[in-house]
Amino acid sequence: MVIDKNSRMNKINKIIFFISSPFNQRDYSRFGIETLEKNGFDVEVWDFTPIVYPQVEGVVIPNDPVNYDKHHKFEYKKDVILAVGKLKNVFVINFCPYTPAALFIYRALSRFKIPYSVFMANAIPFGQKRKLNIAWFYSKIKKFTFRKLFGFIFSLIPSSYLGVHPATFILAGGEKSLIYKYPVSKKTEIIWLHTLDYDIYLEEKEYVETSNNTAVFLDEYLPFHEDYFFLSMTPYSTADKYYPALCNFFDYVEDKCDVELIIAAHPRSHYEQLPDYFNSRSVIRGDTINLVKKSRFVIAHASTSINFPVLLRKPIVFITTNELNNSPEGYAIRSFAGLLNKKTINIDEEYNIDWEKELCVDEQAYNNYINSYIKIKGSKEKPFWEIVAERLKNYDRT
């Protein structure tokens, strides 16, 4: 048998995750590091948070830290460029945004011809049309910054003009997941996968349980979400208004529907360090799919965890508040609700709820949502990183 040495030399033997947010245990699991290692790849995680988002360094602290000896944090751009220049037989799974602050990462990959993918598998609907009235324009003017203007101009410049080569692969989910602006071209191959949540569903789907006495709220940690630090934004809601409104609504739901309301805490939340915002209700982090499985129905805003009740065919009640209504979160809530043939309930207003309609499932709408945002019909029913590993084993840089 003749072995092509050049072909063997061009095979990928190492995978490096490029990230720009603090690495934690949840990332370690969701990135499928152990799966990739079992498939013969050496795996590293390169963390550029101090460079891309210096404002969050030391401020955003994971509630589930992980000690992974192949996690490397970079503090200077020059060190990143030097390290990228030394790479061989490597493929980069790039989770960094394509922004001015992260441009140096894409240019370094391009300069040294390092193949990389961009991640689009967790796209969510955000198609609700906004009312273009005077109030809308005034709100935009109030929030205007030169940073936003610079970001907008940057988005209009073809990546090739900035010395950036297109990604080798797009890691995609549903058919409408290809919506984010990344450096891609007609030569960029789309690998049709699914959302990362679908891996959890694959492990648990055989054991669907239903209870008539629990409902679950998919918490988003809205007044304290770490994204506000990353984007240097003011929270869309304030704790002193948001949580009392939630609890009043939960009291009403528990009384009308004869259920116990359980909080599926956001995975990056720190409620154990805060006051009892949920009035002694159970607050459980890290077990969302099982809470949803056992529930009669789900209450939500616009969390990506909506994937779970959709896959498990659970009724979803969408809620908003006066504070959220005219924010991007409010638009997202209406987009989610519209796709699943539901209306939003403003819990700051008098409740007028048709529970028979709210606690039903539109099968066609749920199926359309799955195909659009979770997994296209016909894509493989296998773990996300198993599919990626199979493709990279057969990828030849030549």
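(A) A look at the overall build of the protein. Looking only at helices and strands, the protein features 18 helices and 13 strands. Sorting the 398 residues of the protein into buried and exposed places 50% on the buried side. Put simply, 76% of the contacts in the protein that link residues at least 6 apart link residues at least 24 apart. By element, 52% of the accessible surface of the protein is carried by carbon and sulfur atoms, the whole surface being about 20200 Å².

(B) Representation of empty space enclosed by the protein in the model. Under the criterion given, the structure shown has two cavities of 30 Å³ or more. For the largest cavity, the calculated volume is near 50 Å³. For the lining of the largest cavity, a count of residues per class yields four nonpolar, four polar and no charged. Taken together, Asn 24, Ile 61, Pro 62, Asn 63, Asp 64, Glu 226, Pro 267, Arg 268 and His 270 make up the full set of residues lining the second largest cavity. Classifying every residue of the lining of the second largest cavity by side-chain character gives three nonpolar, three polar and three charged.

(C) View of the pattern of salt bridges. Tallying each qualifying case throughout the model produces 16 salt bridges. Residue Arg 30 pairs with Asp 197 through a salt bridge whose shortest N-O separation is 3.5 Å. Of this pair, Arg 30 sits in helix α2 (residues 25–30) while Asp 197 sits in helix α9 (residues 197–204), and the two are 167 residues apart along the sequence. For Arg 30, a relative accessible area of 19% puts it in the buried group.

(D) Expanded view of a nonpolar patch on the surface. A surface patch of nonpolar side chains, amounting to about 390 Å² of accessible area, comprises Leu 149, Phe 152, Ile 153 and Leu 156. The residue Phe 152 is located in helix α8 (residues 146–156) in this model.

(E) View of helix α15 (residues 328–339). The terminal C-alpha atoms of α15 lie 17 Å apart, and with twelve residues this matches the ideal 16 Å at 1.5 Å per residue to within 8%. Buried within α15 we find Glu 329, Gly 330, Tyr 331, Ala 332, Ile 333, Ser 335, Phe 336 and Ala 337. Just downstream of α15 lies Asn 341, where phi reads positive at about 60°.

(F) Expanded view of the sheet that holds strand β8 (residues 214–218). The sheet built from six strands is open, its strands ordered β10-β9-β8-β11-β12-β13 with parallel pairing. Bordering the open sheet on either side are β10 (283–285) and β13 (344–346), each of which pairs with just one other strand. Strand-to-strand twist of the sheet, defined as the mean angle between neighbouring strand axes without regard to direction, takes the value 30°. The pairing of β8 with strand β11 (residues 297–300) spans three bridges and is parallel. Paired with Val 216 across the two strands is Val 298, which belongs to β11. Across the sheet, α15 lies against β12 (316–320) and β13, angled at about 155° from β12, the strand it touches most.

(G) Local environment of the pairing of strand β4 (residues 90–94). Among the five residues in β4, five count as buried, and that is most of the element. Both faces of β4 are covered, namely the face carrying Val 90, Val 92 and Asn 94 and the face carrying Phe 91 and Ile 93. Here strand β1 (residues 14–19) pairs with β4 via five bridges, running parallel. Residue pairing in the sheet places Ile 16 in a bridge with Val 92 of β4. Pairing of β4 with strand β5 (residues 116–120) involves three bridges; the strand directions are parallel. What sits directly across from Asn 94, in β5, is Val 118.

Rules of the game
Position numbers for residues start from 1 in each chain and track the written sequence from start to end. Where local features are concerned, this predicted model is filtered to residues with pLDDT of at least 70; where side-chain atom pairs are given and counted, the filter is 80 or more; whole-chain, interface and lining totals use all residues. Calculation of side-chain values draws on the structure's entire complement of heavy atoms; hydrogens and water are dropped beforehand. Runs of H or I in DSSP of at least four residues are treated as helices and runs of E of at least two as strands, each being numbered from the N terminus. Relative accessibility decides the category of a residue: with a 1.4 Å probe and only protein chains considered, values under 20% of the type maximum give buried, values over 50% give exposed, and everything between is partly exposed. Residue contacts are defined here by distance: any two heavy atoms, one from each residue, within 4.5 Å place the two residues in contact. Reported accessibility uses the Shrake-Rupley method at a 1.4 Å probe radius. Residues are deemed covered only where the shown protein chains occlude them. Put simply, the grid is 1 Å and covers the protein atoms alone, a cavity is a trapped set of points that fit a 1.4 Å probe, a pocket is an open set with protein on both sides within 12 Å along at least five of seven lines, and lining residues have an atom within 4 Å of a point. Grid points are joined across faces, edges and corners, and a volume is the space filled by probe spheres set on the points. For this classification, Asp, Glu, Lys and Arg are treated as charged, while Ala, Val, Leu, Ile, Met, Phe, Trp, Tyr, Cys and Pro are nonpolar and the rest, including Gly, are polar. By definition, a salt bridge exists where a carboxyl oxygen of Asp or Glu is found within 4 Å of a side-chain nitrogen of Lys or Arg. Any residue with relative accessible area above 30% and no salt bridge may belong to a patch, with like charges joined within 9 Å and the nonpolar Val, Leu, Ile, Met, Phe, Trp and Tyr side chains within 5 Å. For a helix, the expected span equals 1.5 Å multiplied by the residue count minus one. Strands pair, by our definition, only if DSSP identifies at least two bridges between them. Working convention: axes come from line fits to C-alpha atoms, limited for helices to the stretch in contact. Angles between N-to-C directions cover 0 to 180 degrees.

The analysis is restricted to geometry; functional conclusions fall outside its scope.
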